[in-house]
Amino acid sequence: MQLLPAANGPDVFANHCAGCHGSDARGTGKGPGLAANPRLAGESPVDLRALIQRGFPDSGMPPFDLPAGELDAVAAYIRELNAGVQPAAAGGGRRVAWRDPQPGDWLTYNGNLSANRYSELKQIDTANVATLQLKWLFPIPHFGLEVTPLEADGVMYVTGANQVYAINALTGAEIWKYARPQTHDLDGDASLGTNRGVAIRDDKVFFVTDNAHLIALDRATGGLAWETAMPPMSGDPQHYGGTLAPLVVKDTVIAGVSGADEGIRGFVACYTAATGELLWRHWTIPRRGEPGSDSWKGSEPLMGGGSTWLTGSYDPETDTLYWPTGNPFPDSKDADRGGDNLYTDSILAMNPATGTLKWHYQFTPHDVSDRDATEPPVLVDALYLGKPRKLLLHADRNGFFYVLDRVTGELLLAKPFLRRVDWATGIGADGRPQVRYPGGCPDDAANWSSTAYSPVTRLYYFLALEECVGERMGYPDQTGQRYVRAVDIETGATVWEIAQPGAAKAKSWSGVLATAGGLVFYGKPNGGFDAVDERAGKTLWHFPTNVRMKASPMTFTVGGKQYVAVAAGPNILCFGL
C-alpha cells in the first residue's frame, strides 16, 4: 500500500471515509456526519485515532487497520472539522421534561391510535418538498432497524436491540440511553434484535424486550421503573419473543408477543401504566371447551401460534381495541390441526377494559402458508357507498384488500390487490375465502409495514409484493417485484402504482406516511427514501440511503418547523426544509 503523507488527512478521509460519511463529512444514509459533531468535538486525537481503528462493527462501520501515519492524519483532520464546536454535555446537555401533548407531536407508534399514518401537518408540501435536506443522523449499534421514532416536546425516543434512546429531536444529540444484553437462545425475529419502538405516557417510556418482558423507564433519566414478564409461568416449552411497540390506552399499556413460527400460545395483555400490574390477558388460541376450540380438530393446540407481534389500534368513540393475529403452528404441517384454527390470522375487536371479545374476522381460515394477518388495522371514518361508516381497512398478506365495518365486523369489500392470486378465487358473501389451492400464492402480498389513508384523495397507500408465478417463491431466494400502490377503498381498484427497482429481498418491507401537504413518503426497500404526490404517484423528492429500508416513517414539528424521520440501516435520519 502506498503511504500517504502523515499530514494529508483530507486525502486519507477521501479514500477511506467519504463513501459513508460524505465528501464534505456532513453524513449520508450510510454514516453520520463527522463535521460539526458535538459528540466528537473535544475528543483528543488519541481517542479519535482509537475510535477509527476499532470501528463500530455492530452499526456497520468496520475497523480500519491503517498505517499509524494515516490514522494520525485522519484523526487530526476530524479534530479540525470540529474546531470551535461546543462538545455535547453528558446526557445530551439536558434532562427530559414533558408537558401536555403539543400540536405536531408523534406520540404513539402510528402517530395516532387509529393506526392511520396520515398526518395533518402540511408545512412540507408538494411545492417545497424538493428542497428537503438531511438535518441530522443518529447511529445505533444494530443494523437493520425497524423502529418508528416517537417525538414529544422536542425529544425523540428510538430503539435498537434491547436499547432505548432519548435524543434531542432538533440536533440528534443523545440525552439518555437504556440498554441490556440481548437474550440468548431465542428464536425468530426476536433473536435478531428486531424492535419497532416504544410507547410513552406521563413520566414513563414503555418497551418490550426481546424475551417478552414489558418494562417501564423513567422518562427523565432512562432508569428502570418497573419490569414484568409477559408470558405466564408454564411447564410447556414455549418460544415467546418481543418485537413490537406497546400501545397506551388511557392509563394502561397493551402489548403482544411473537413466536408463532416456533410454537407459542399467543396472547394480548394489558397492564397498568403506573405499576405494571396485569389487568387482563386475552389468549388467541382457545383451550378445550372455550369459545373457538371446536375450530381445532386433533390434539389440543397448546402451542397453536396466533402471535400478536404488531401494534393494534384503538377507537375511543366506541371504546374498542383492535389487534391483528398471526399464523397457526405448525404453519404448514396441518395434519393434526384440522378446522379453521381460530383465532389465528384474524382481527380481534375487544373491550380494552376487560379484554373480552366483541367480534372477530378471520382472513385466512386453516392457513398453511404463514399468512399472518399482522398488517395494520387502520380505522377511518368516511363516506362509503354514499353512507357515513366507521371503517377498518386492511391489506392482508393473503393478497386481498378488506374493508370492514369496525362496529359490527361486517365485511363490506374484499378484492385482490395483486394481478394474480392462486390460493383462492375470491371471498364469498359469507366472508369466507373460496379456496382453490390452500398452498397457492401469495404468502407475503403485504406485511407489517405502515399504511395510510388520505381523506382528501380517498385512497389507501401501502407496499405490495407481486410474487405469484405458478408456484410459491418465498424465502430465501425471493425474486418478486414490490410496488407502492394507491387503492380506491370503495372498489378495491389500484389507481396508481410505483414499481420498486430490483428483486424483492426478504425482510425489506418499508412503510408509508401520508400528509396533508399532499405527499406520500415511503422507504424504497432496496435503498432510498422518497416523497410522491398523493394523487398521481409522481416522485417529487428522493434521498439515496444505499441500505435496505425496513422501517416506517413519521413526521413531527418542533419550534414551528416540520420534520420527517425514518430509520435506515443502523441510523435514524431526520429531514427538514
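The shown structure was predicted, so the numbers you read here are calculated from the model rather than taken from an experiment.

### What to know about the confidence of the model for the protein
Phase 1: Summing up the model confidence of the protein, the mean pLDDT is 91 and the portion of residues at 70 or higher is 92%.
Phase 2: Long-range and interchain partners of residues 1-5, a stretch whose pLDDT sits below 50, account for nine contacts in this model, where long-range means more than four residues apart.

### A few points about the packing of aromatic side chains
Phase 1: Inspection of every chain in the model, using the stated rule, returns 24 aromatic pairs.
Phase 2: Ring plane angle 40° and centroid distance 5.6 Å describe the contact between Tyr460 and Phe462, whose orientation is recorded as tilted. The burial state of Tyr460 is the same as that of Phe462; both residues are buried.
Phase 3: Seen from their ring centres, Phe529 and Phe575 are 5.6 Å apart, and the 35° between their planes marks the pair as tilted. One end of the pair, Phe529, is in strand β31 (residues 529-533); the other, Phe575, is in strand β35 (residues 571-576), and 46 residues separate them in sequence.
Phase 4: Each residue in the set Tyr361, Phe363, Phe400, Tyr402 and Trp423 is aromatic and connected to the rest through ring pairs, giving one cluster.
Phase 5: A cation over a ring is seen here: Arg196 above Trp448, with NZ or CZ 4.4 Å from the ring centre.
Phase 6: Over the aromatic face of Tyr483 sits the side chain of Arg419, whose NZ or CZ is 5.1 Å from the ring centroid.

### Focus on the packing of helix α1 (residues 9-16) against helix α4 (residues 68-81)
Phase 1: The contact between α1 and α4 brings their axes to 8 Å, and the two run at 100°. Comparing the axis directions of α1 and α4 gives the class roughly perpendicular. On α4, the residues that touch Gly9, Pro10, Val12, Phe13 and His16 of α1 are Glu70, Ala73, Val74 and Tyr77.
Phase 2: When the residues that make up the contact of α1 with α4 are grouped by side-chain class, the tally is six nonpolar, two polar and one charged.

### Structural notes on the packing of helix α3 (residues 45-54) against α4
Phase 1: Relative to each other, α3 and α4 sit at 115°, their axes nearing to 9 Å. As α3 packs across α4, the resulting crossing turns out to be right-handed. Along its contact with α3, which presents Pro45, Leu48, Arg49, Ile52 and Gln53, the element α4 presents Ala68, Leu71, Asp72, Val74, Ala75, Ile78 and Arg79.
Phase 2: Split by residue class, the contact of α3 with α4 holds eight nonpolar, one polar and three charged.

### So, the sheet that holds strand β25 (residues 452-454)
Phase 1: Spatial ordering of the open sheet is given by β25-β26-β27-β28, a layout of four strands whose pairing is antiparallel. The sheet terminates laterally at β25 and β28 (494-499), the two strands that pair on one side only. Here the average twist between neighbouring strands, direction ignored, is 30°.
Phase 2: Strand direction decides the pairing type here: strand β27 (residues 481-488) and β28, joined by five bridges, are antiparallel. Directly across from Val484, in β28, lies its bridge partner Ile498.

### Overview of the sheet that holds strand β3 (residues 150-152)
Phase 1: Read across the open sheet, the four strands follow the order β3-β4-β5-β6; overall the sheet is antiparallel. Sheet topology places β3 and β6 (174-179) at the edges, where each strand pairs with a single neighbour. When the angles between neighbouring strand axes are averaged without regard to direction, this sheet yields 20°.

### With respect to α1
Phase 1: By the burial criterion, the buried members of α1 are Gly9, Val12 and Phe13. Seen from one end, α1 has its buried residues packed into an arc of 100°, which puts them on one side.
Phase 2: Those residues of α1 that are buried lie in contact with α2 (18-21) and α4.

### As for the nonpolar core
Phase 1: In this structure, Tyr157, Trp176, Phe521 and Ile572 are the most contacted members of the largest nonpolar core, which totals 54 residues.
Phase 2: For this core, the element with the highest residue contribution is strand β34 (residues 561-568), accounting for six residues.
Phase 3: In this structure Ile572 touches Trp136, Leu137, Phe138, Ile140, Leu145, Val147, Pro149, Met156, Val158, Val566 and Ala567, once residues within four positions along its chain are discounted.
Phase 4: Among the nonpolar cores identified, the runner-up in size contains 37 residues, and Ala349, Val380, Leu404 and Phe462 belong to it.

### Considerations on the environment of Ser346
Phase 1: Assignment of secondary structure puts Ser346 in strand β17 (residues 346-350).
Phase 2: Considering only alpha carbons, one finds Ser346 and Gly326, 20 residues apart in sequence, at a separation of 7.4 Å.
Phase 3: Sequence-distant contacts of Ser346, defined by excluding residues within four places in its chain, comprise Trp323, Pro324, Thr325, Tyr361, Gln362, Phe363 and Ala373.
Phase 4: Of the polar contacts made by the side chain of Ser346, one reaches the backbone oxygen of Thr344; its length is 2.8 Å.

### A short note on the pattern of salt bridges
Phase 1: Tallied over the full model, the rule gives 26 salt bridges.
Phase 2: Close ionic contact of Lys204 with Asp203 constitutes a salt bridge, the shortest N to O distance being 3.4 Å.
Phase 3: Overall, Lys204 belongs to the buried group, its relative accessible area being 13%.
Phase 4: Under the relative-accessibility criterion, Asp203 is labelled partly exposed at 33%.
Phase 5: Where Asp422 meets Arg420, a salt bridge forms, and the shortest distance between an N and an O atom there is 3.1 Å.
Phase 6: Arg420 sits in the partly exposed class, given a relative accessible area of 38%.
Phase 7: Three or more residues joined by partner-sharing salt bridges are found here, namely Asp315, Glu317, Asp381, Lys390 and Arg406.

### Let's talk about the environment of Arg419
Phase 1: Here Arg419 shows up in the loop between β22 (411-416) and β23 (424-427).
Phase 2: Separated by 33 residues in the primary sequence, Arg419 and Gly386 have C-alpha atoms spaced 28 Å apart.
Phase 3: The contacts of Arg419, once residues within four sequence positions are left out, are Glu466, Tyr483, Arg485 and Glu497.
Phase 4: Of note is the side chain of Arg419, whose polar atom sits 2.8 Å from the side chain of Glu497.

Conventions used here
- Residues numbered from 1 in each chain as written.
- Predicted model: local features only at pLDDT ≥ 70, side-chain atom pairs only at ≥ 80, totals over all residues.
- Heavy atoms only, no water.
- pLDDT = per-residue confidence, 0-100.
- Contact = heavy atoms within 4.5 Å.
- Phe/Tyr/Trp six-rings, centres within 6.5 Å; stacked < 30°, edge-to-face > 60°.
- Buried < 20%, exposed > 50% of the residue type's maximum accessible area, 1.4 Å probe, protein only.
- Helix = DSSP H or I, 4+ residues; strand = E, 2+ residues; numbered from the N terminus.
- Lys NZ or Arg CZ within 6 Å of the ring centre and 35° of its normal.
- Axes fitted to C-alpha atoms, helices over the stretch in contact; angles between N-to-C directions.
- Parallel < 35°, antiparallel > 145°, perpendicular 65-115°, else oblique.
- Nonpolar A, V, L, I, M, F, W, Y, C, P; charged D, E, K, R; others polar.
- Left-handed = near helix turned anticlockwise from the far one by under 90°.
- Pairing = 2+ DSSP bridges.
- Arc of directions from axis to C-beta.
- Core = buried A, V, L, I, M, F, W, Y, C linked by side-chain atoms within 4.5 Å.
- Polar contact = N/O pair within 3.5 Å; in protein donor to acceptor, adjacent residues only side chain to side chain.
- Salt bridge = Lys/Arg side-chain N within 4 Å of Asp/Glu carboxyl O.

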